[in-house]
Amino acid sequence: QVQLVESGGGLVQTGGSLRLSCAASGRILSINAMGWYRQAPGKQRELVATITSASSTNYADSVKGRFTISRDNAKNTVYLQMDNLKPEDTAVYYCNADVRSRWYESGSSYWGQGTQVTVSS
């Protein structure tokens, strides 16, 4: 009922920048929190940044000062601006959204397909 489509991943050099986007579509009454997660080879998926419907943000310590999460509620879209990228940022990045589809049910969590970010040394 809800789909998340991500874009913006790619290959960059250390110190470069990328901007990821994720657009939600389908049966959407409202979207509470949205966020970005990442998973590197051999590691567990970890939280990168989250943003509430009121635009309150939270970041992992490893990306504070370098990444910026934002959202456009009119477009049901969340963004992740990544600056001063490091090789340790290399991972598949996944979009997540807590979506409420009907007034009589609570929200459900949905995931995007993931987009690869590779930072070369």
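Residues numbered from 1 in each chain as written. Predicted model: local features only at pLDDT ≥ 70, side-chain atom pairs only at ≥ 80, totals over all residues. Heavy atoms only, no water.

**Q** Give me a nonpolar patch on the surface: which residues, what numbers.
**A** Taken together, the side chains of Leu29, Trp103 and Tyr104 present a nonpolar region at the surface, about 440 Å² in accessible area. Mapped onto the secondary structure, Leu29 falls in the loop between β3 (18-26) and β4 (30-39). (Patch = residues over 30% accessible without salt bridge, like charges linked within 9 Å, V, L, I, M, F, W, Y side chains within 5 Å. Areas by Shrake-Rupley, 256 points an atom, 1.4 Å probe, with all protein chains shown as cover. Salt bridge = Lys/Arg side-chain N within 4 Å of Asp/Glu carboxyl O. Helix = DSSP H or I, 4+ residues; strand = E, 2+ residues; numbered from the N terminus.)

**Q** Break down the side chain of Arg66 for me, with residues and values.
**A** Looking at where Arg66 falls in the secondary structure, it is placed in the loop between β6 (57-59) and β7 (67-72). Looking at Arg66, the relative accessible area reads 8%, which means it is buried. A distance of 2.9 Å separates the side chain of Arg66 from the backbone oxygen of Ser62, its partner in a polar contact. Look past the residues within four positions of Arg66 in its chain and what remains in contact with it is Gln81, Met82, Asp83, Asn84, Leu85, Lys86 and Asp89. (Buried < 20%, exposed > 50% of the residue type's maximum accessible area, 1.4 Å probe, protein only. Polar contact = N/O pair within 3.5 Å; in protein donor to acceptor, adjacent residues only side chain to side chain. Contact = heavy atoms within 4.5 Å.)

**Q** Explain unusual backbone geometry to me, using residue names and the numbers behind them.
**A** The residue Asn76 is not glycine, and still its phi comes out positive at about 50°. Looking at the secondary structure, you find Asn76 in the loop between β7 and β8 (77-82). Asn76 gets classed as partly exposed once you look at its relative accessible area, which sits at 25%.

**Q** Please set out the state of the cysteines residue by residue, giving values where relevant.
**A** Tallying each qualifying case throughout the model produces one disulfide. With a sulfur-sulfur separation of 2.2 Å, Cys22 is cross-linked through a disulfide to Cys95. Of note, the bridge from Cys22 to Cys95 carries an S-S torsion of about -85° and is left-handed in sense. Taken together, the residues Cys22 in strand β3 and Cys95 in strand β9 (residues 91-100) connect sequence positions 73 residues apart. Residue Cys22 shares its accessibility class with Cys95, and that shared class is buried. (Disulfide = S-S within 2.5 Å.)

**Q** Tell me about the nonpolar core, and please be specific about residues and values.
**A** One recurring pattern in soluble globular proteins: nonpolar side chains tend to sit buried together. Core analysis: the largest hydrophobic core is formed by 30 residues, its most contacted members being Trp36, Leu80, Met82 and Tyr93. Residue assignment for this core shows that the elements contributing at least two residues are β1 (2-7), β3, β4, β5 (46-51), β7, β8, β9 and β11 (115-120). At five residues, β9 tops the list of elements feeding residues into this core. Excluding residues within four positions of it along the chain, Met82 makes contact with Gly16, Ser17, Leu18, Leu20, Arg66, Phe67, Tyr93 and Val117. (Core = buried A, V, L, I, M, F, W, Y, C linked by side-chain atoms within 4.5 Å.)

**Q** An account of the packing of aromatic side chains is needed here, citing residue identities and associated values.
**A** One pair of aromatic rings is described through two measures. These are the centre distance and the angle between the planes. Considering all chains together, one arrives at two aromatic pairs under this definition. On the basis of an interplanar angle of 90° and a centroid distance of 5.6 Å, the ring pair of Trp103 and Tyr104 is categorised as edge-to-face. The same class applies to Trp103 and to Tyr104, which are both exposed. Cation over ring: Arg19 sits above Tyr79, and NZ or CZ is 4.4 Å from the ring centre. Taking NZ or CZ as reference, Arg45 lies 4.7 Å from the ring centre of Trp111, over its face. (Phe/Tyr/Trp six-rings, centres within 6.5 Å; stacked < 30°, edge-to-face > 60°. Lys NZ or Arg CZ within 6 Å of the ring centre and 35° of its normal.)

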